[in-house]
Amino acid sequence: MQFRTELNIPVATHPIDYTQTIWSLGSCFADTMGQKLVENKFQVINNPFGVIFNPVALFGLVEILEEGQRNPETLAQFIEQGLVQNTSEQWYHYQLHSSIHRNTAAQLKDFLITYLTDLHTKWQQSNWVLITLGTAWVYEHTVNQQVVANCHKMPATLFQKRLLTVEEILKAFGRIASFLSTKQVVITVSPVRHLKDTLPLNSVSKAVLRLACHQLTERYENIHYFPSYELLLDDLRDYRYYTDDLLHPYKLAQTYIW
């Protein structure tokens, strides 16, 4: 008698080993898995842009990582257009996590030019990229209609919330596909639920992400899907595997997925 549905994950055709460099990018679950890799002595660049939940913003950062080095004007324009100072009087960038900030706009500009240049060198040396997508709900700036990675507590009137389409996600990835062609990519959907979107709309969001992941694995031979989302919701399927907020996987679930 079986009391749960177990996922049988096939052995990878391209195993990861300790000689390779791995980037873990995306949502807070990317941080969790990246930290697991660090603890197990792998060579890891763990979420260097900070936590980024939506795929369009995340893929855009990979794009600027490459294009910005080819064209310094493109990099300078990217940095300038995203600068914002909120009520804390710190300077942030709309396409980066709030952990990346400075006291003045000039300090942040100088830091980002150096930081992104250094990251580009490390990016070129990487062998694997682990991408964890968190949500298809995005905030679009009403002035330039650009999807942002983080609103940095700016007034809600500056943004419009909307749902990405699968086509938008595929198009955004298409712009970075060539930058990933020499790497192996593992893509997954975060099992963390976004309750602020309501559970029904969280399900819609995850469905969009899951379909996009499927389409990407169909189009690109070097992209492999890992079922983090399914392991928690379909395999474990029990609230004892969640933390007290009933949204994030508990340590036991993290270890099981790992």
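Our subject is the structure listed above.
These lines cover the structure that appears in this document, whether it is placed above or below. A quick note: this is a predicted structure, and the numbers were derived from the prediction, not measured. (Residues numbered from 1 in each chain as written. Predicted model: local features only at pLDDT ≥ 70, side-chain atom pairs only at ≥ 80, totals over all residues. Heavy atoms only, no water.)

**Comments concerning the pattern of salt bridges**
Selection criterion: The term salt bridge refers to a pairing of a side-chain nitrogen on Lys or Arg with a carboxyl oxygen on Asp or Glu at a separation within 4 Å. Helix numbering and strand numbering both begin at the N terminus, where a helix is a DSSP run of H or I of at least 4 residues and a strand a DSSP run of E of at least 2. Each residue is placed in one exposure class: buried if its accessible area under a 1.4 Å probe, protein chains only, is under 20% of its type's maximum, exposed if it is over 50%, and partly exposed if it falls in between.
Enumeration according to the criterion identifies 13 salt bridges in this entry. The shortest N-O distance in the salt bridge between Glu66 and Arg70 comes to 4.0 Å. Of the two residues, Glu66 and Arg70 both sit in helix H2 (residues 55-70), four residues apart, roughly one turn of that helix. According to the relative accessible area criterion, Glu66 is buried, its value standing at 8%. Taken together, the shared-partner salt bridges connect Arg4, Glu6 and Asp235 into one network.

**Let's talk about the packing of aromatic side chains**
Put simply, the rule is: The aromatic pairing rule takes the rings of Phe, Tyr and Trp, using the six-membered ring of Trp, and pairs them if the centres are within 6.5 Å, calling planes under 30 degrees apart stacked, those over 60 edge-to-face and the rest tilted.
Going through the model one piece at a time under the given rule, you end up with six aromatic pairs. Note on Tyr18 and Phe42: the rings are 4.2 Å apart at their centroids and 15 degrees apart in plane angle, and the pair reads as stacked. Of the two residues, Tyr18 sits in the segment before strand E1 (21-26) while Phe42 sits in the loop between helix H1 (28-39) and strand E2 (43-46), which places them 24 residues apart along the sequence. Between Tyr94 and Phe159, the ring centres sit 5.8 Å apart and the planes meet at 85 degrees, which makes this aromatic pair edge-to-face. Taken together, the residues Tyr94 in the loop between strand E4 (91-93) and helix H4 (105-124) and Phe159 in strand E8 (residues 159-163) connect sequence positions 65 residues apart. For Phe159, a relative accessible area of 10% puts it in the buried group.

**Here's the deal with the packing of H2 against helix H3 (residues 72-82)**
Under the convention used in this document: Whenever a helix is involved, its axis is fitted only over the stretch in contact; in every case the axis is a line through C-alpha atoms, and angles between N-to-C directions fall within 0 to 180 degrees. Orientation labels follow simple angle bins: below 35 degrees gives roughly parallel, above 145 gives roughly antiparallel, 65 to 115 gives roughly perpendicular, and whatever is left gives oblique. Residues are treated as being in contact if the distance between any of their heavy atoms lies within 4.5 Å. When residues are sorted by character, Ala, Val, Leu, Ile, Met, Phe, Trp, Tyr, Cys and Pro go into the nonpolar class, Asp, Glu, Lys and Arg into the charged class, and all the rest, Gly among them, into the polar class.
Taken N-terminus to C-terminus, the directions of H2 and H3 make an angle of 135 degrees; their axes are 5 Å apart at the nearest point. For the element pair H2 / H3, the angle class is oblique. For the pair H2 and H3, contact is made by Leu61, Ile64, Glu67, Gly68, Gln69 and Arg70 and by Pro72, Thr74, Leu75 and Phe78, respectively. Grouping the constituent residues of the contact of H2 with H3 by class yields five nonpolar, three polar and two charged.

In short, shape yes, function no, at least from these values alone.
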